[in-house]
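Structural features, examined
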Amino acid sequence: MTRILFLFIDGVGLGPDSPENPLSTLDLPSFRALAGRQPWTSRSETIDRPDHVFRPIDATLGLEGLPQSGTGQATLLTGENAARIHGRHFGPYPPTTVRPTVQDKSVFAQLAPLIGTDRLAFANAYPERFFQHVEARGRWTVTTLAARSAGVRLRREADVRDGIAIPADLTGRTWQRLFDADAEPISEAEAARRLVALLDDHTFVLHEYYLTDKAGHSQDPARAASVLESLDRLFAGVLEAAGPDDVLLITSDHGNIEDLGTKSHTRHPVPLVAWGAGADAFSSCRSLLDVTPTIVELLTR
Ligand SMILES: [Zn+2]
């Protein structure tokens, strides 16, 4: 039975080859492997094979302006055009106009009655401070709102110690620095093993990585390199650990890090990678709108 590991990566678009595009200048062997030995740029050829898809998908959603995370992620995780519902791109949090859609129509909400809530996992761990902050201000992110509304557990520090969750920065080094000097960081390879291990008893596992977007906003080449090289090590580990029935799905909500010449997001298409038996279900995806319906179809057919 097909299982999907969905690595959602914030702020990664497919832009032109340029000295400002770290995806074209850096040596990222696992990124390249996932694009058929090409860099992740607008020049790269689409790959459409039974077990491997690599293609650009639209993130502008038919609206003017720069795509933002709130509406982009809501669209990606529901299949509904959240930017159109709201009337414009909005972020980083989901606007109140879009929250009911995220609550009722997310990929978690759609899959729960079909395959069972216990078959769904959101692998990120959140520190206690996140819960205090969010409960005081009511500002859930798209992913946490989607998971929580569908009854999918939000993981915490204890889950990282138990080896069944991974921190947002993959290794827990940020966590150690900010919250807990005694917390033991893990390698990206270990993070990858944990993500794949979650597929042993789940059919759909989501992880969200947002440091790519942060690095894009910083316009700092060293920071972008550190983040992308860390992600490359995660990809290597996942490719090594994934089994024959596992589909690795990777996509983003909008461009950003592929143009360090600008502090803001871009209107570039974003990459969609699907890897593993059954990956070609994603070959018909053309925009953020198409991802959730394809996940649901693939896992319930
Ligand atoms: Zn951003």
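Just so you know, these numbers come straight off a predicted model, no measurement behind them. (Residues numbered from 1 in each chain as written. Predicted model: local features only at pLDDT ≥ 70, side-chain atom pairs only at ≥ 80, totals over all residues. Heavy atoms only, no water.)

**Here's the deal with the sheet that holds strand β9 (residues 270-275)**
Reading across from one edge, β2-β3-β9-β8-β1-β7-β4 is the order of the 7 strands in this open sheet, with mixed pairing throughout. The sheet is open, and its two edges are formed by β2 (47-49) and β4 (120-122), each paired on a single side. Averaged over all pairs of adjacent strands, the angle between strand axes in this sheet comes to 15°, irrespective of strand direction. Direction of pairing for strand β1 (residues 3-9) relative to strand β8 (residues 246-251): parallel, over a ladder of 6 bridges. By the bridge assignment, L7 is partnered in β8 with I250. Its contacts with the sheet place helix α3 (residues 69-78) against β1, β7 (204-209) and β8, and it is angled at close to 170° to β1. (Pairing = 2+ DSSP bridges. Helix = DSSP H or I, 4+ residues; strand = E, 2+ residues; numbered from the N terminus. Axes fitted to C-alpha atoms, helices over the stretch in contact; angles between N-to-C directions. Contact = heavy atoms within 4.5 Å.)

**Focus on the pattern of salt bridges**
For the structure on display, the rule yields 10 salt bridges. One salt bridge in this structure joins R43 and D17, with 3.3 Å as the shortest N-O distance. Remark: D17 occurs in the loop between β1 and α1 (22-25) and R43 occurs in the loop between α2 (29-34) and β2; sequence separation between them is 26 residues. Here D17 falls in the partly exposed class, since its relative accessible area comes to 33%. Residue R153 pairs with D159 through a salt bridge whose shortest N-O separation is 3.0 Å. Its relative accessible area of 43% is what places R153 among the partly exposed residues. Assessed through its relative accessible area of 9%, D159 is described here as buried. The network of salt bridges with shared partners includes E190, R193 and R194. (Salt bridge = Lys/Arg side-chain N within 4 Å of Asp/Glu carboxyl O. Buried < 20%, exposed > 50% of the residue type's maximum accessible area, 1.4 Å probe, protein only.)

By themselves, these observations are geometric and do not establish any function.
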